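A closer look at the structure
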Amino acid sequence: MDRVHDKMKHCLYCTWTSFSTKRTGGLPIGYTREERLDIGNQIYNNEISKSDAAIKYKISQGIARDHKRLYRDMNGLPPKNRIQKEENTVKISVYSSAPDLSEYKSMTKAELIKELVKSWIREARLKKDTK
């Protein structure tokens, strides 16, 4: 009885969503080869990200990655590595090469202790974020 009930729910779902589910295992029919290549082209050329493509075309990020690989392989293009992705990012160094100690010379003992405690807290937070 449960099997019949599940089959009925499946048929109602297919009717309700109006997807054609023949030969797709109950899933909606996917994109044509040209559409997949177009999606792959957009991802490969950084017009959209894999996650944006997944949302826009209602596919998983893994399928979006596969579309990019299909486009790349069909056009004989080299794989893009992560270094190319990081070209637009700005890297900020937390550590300076030579600390400016002149401002500490004019501080009182209490102010120096306060600054020391602040630096310990900052250091602990940085360690916490890297774990």
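Residues numbered from 1 in each chain as written. Predicted model: local features only at pLDDT ≥ 70, side-chain atom pairs only at ≥ 80, totals over all residues. Heavy atoms only, no water.

Within the chain, Asn 46 stands out as a residue other than glycine whose phi angle is a positive 60°. Mapped onto the elements, Asn 46 comes out in the loop between helix H2 (33–44) and helix H3 (50–57). (Helix = DSSP H or I, 4+ residues; strand = E, 2+ residues; numbered from the N terminus.)

On to the packing of H2 against H3, then. One can describe the packing of H2 onto H3 by two numbers: an axis separation of 9 Å at closest approach and a directional angle of 150°. For the element pair H2 and H3, the recorded crossing hand is right-handed. Counted together, Ile 39, Gln 42 and Ile 43 of H2 and Lys 50, Ala 53, Lys 56 and Tyr 57 of H3 form the full contact between these two elements. (Axes fitted to C-alpha atoms, helices over the stretch in contact; angles between N-to-C directions. Left-handed = near helix turned anticlockwise from the far one by under 90°. Contact = heavy atoms within 4.5 Å.)

Inspection of the entire model under this criterion finds two aromatic pairs. When the centroid spacing of 5.9 Å and the interplanar angle of 90° are considered together, the rings of Tyr 31 and Tyr 57 count as edge-to-face. Taken together, the positions of Tyr 31 in the loop between helix H1 (2–17) and H2 and Tyr 57 in helix H3 put the pair 26 residues apart, joining distant regions of the chain. For Tyr 31, a relative accessible area of 31% translates into the label partly exposed. With centroids separated by 5.8 Å and ring planes inclined at 55°, the aromatic side chains of Tyr 44 and Tyr 71 adopt a geometry described as tilted. Taken together, the positions of Tyr 44 in helix H2 and Tyr 71 in helix H4 (residues 61–74) put the pair 27 residues apart, joining distant regions of the chain. Each member of the pair, Tyr 44 as well as Tyr 71, is classed as buried. (Phe/Tyr/Trp six-rings, centres within 6.5 Å; stacked < 30°, edge-to-face > 60°. Buried < 20%, exposed > 50% of the residue type's maximum accessible area, 1.4 Å probe, protein only.)

Together, Glu 34, Glu 35, Asp 38 and Glu 47 make up a negatively charged patch on the protein surface. By secondary structure assignment, the location of Asp 38 is in helix H2. (Patch = residues over 30% accessible without salt bridge, like charges linked within 9 Å, V, L, I, M, F, W, Y side chains within 5 Å. Areas by Shrake-Rupley, 256 points an atom, 1.4 Å probe, with all protein chains shown as cover. Salt bridge = Lys/Arg side-chain N within 4 Å of Asp/Glu carboxyl O. Lys, Arg positive; Asp, Glu negative; His and termini not counted. Charge placed at Lys NZ, Arg CZ, Asp CG, Glu CD.)

Once that is clear, we can look at the confidence of the model for the protein chain. Summary statistics for the protein chain give a mean pLDDT of 75 and a share of 62% for residues scoring 70 or more. Across the protein chain, H2 holds the top mean pLDDT of 93, while H1 sits lowest at 50. A low-confidence stretch, residues 12–27 stays under pLDDT 50, and its non-local contacts, those more than four residues away or across chains, total 11 contacts. (pLDDT = per-residue confidence, 0-100.)

At a minimum axis separation of 7 Å, H2 and H4 run at an interaxial angle of 95°. In terms of axis orientation, H2 runs roughly perpendicular to H4. From H2, Arg 33, Arg 36, Leu 37, Ile 39, Gly 40, Asn 41, Ile 43 and Tyr 44 reach across to H4, where they touch Ala 64, His 67, Lys 68, Leu 70, Tyr 71, Arg 72 and Met 74. Split into classes, the residues belonging to the contact of H2 with H4 amount to eight nonpolar, three polar and four charged. (Parallel < 35°, antiparallel > 145°, perpendicular 65-115°, else oblique. Nonpolar A, V, L, I, M, F, W, Y, C, P; charged D, E, K, R; others polar.)

The next thing to look at is the pattern of salt bridges. Counting across every chain of the model gives four salt bridges. The residue Glu 115 makes a salt bridge to Lys 118 at a minimum N-O spacing of 3.5 Å. Of the two residues, Glu 115 and Lys 118 both sit in helix H7 (residues 109–130), three residues apart, roughly one turn of that helix. On the basis of relative accessibility, which here comes to 25%, the residue Glu 115 falls in the partly exposed class.

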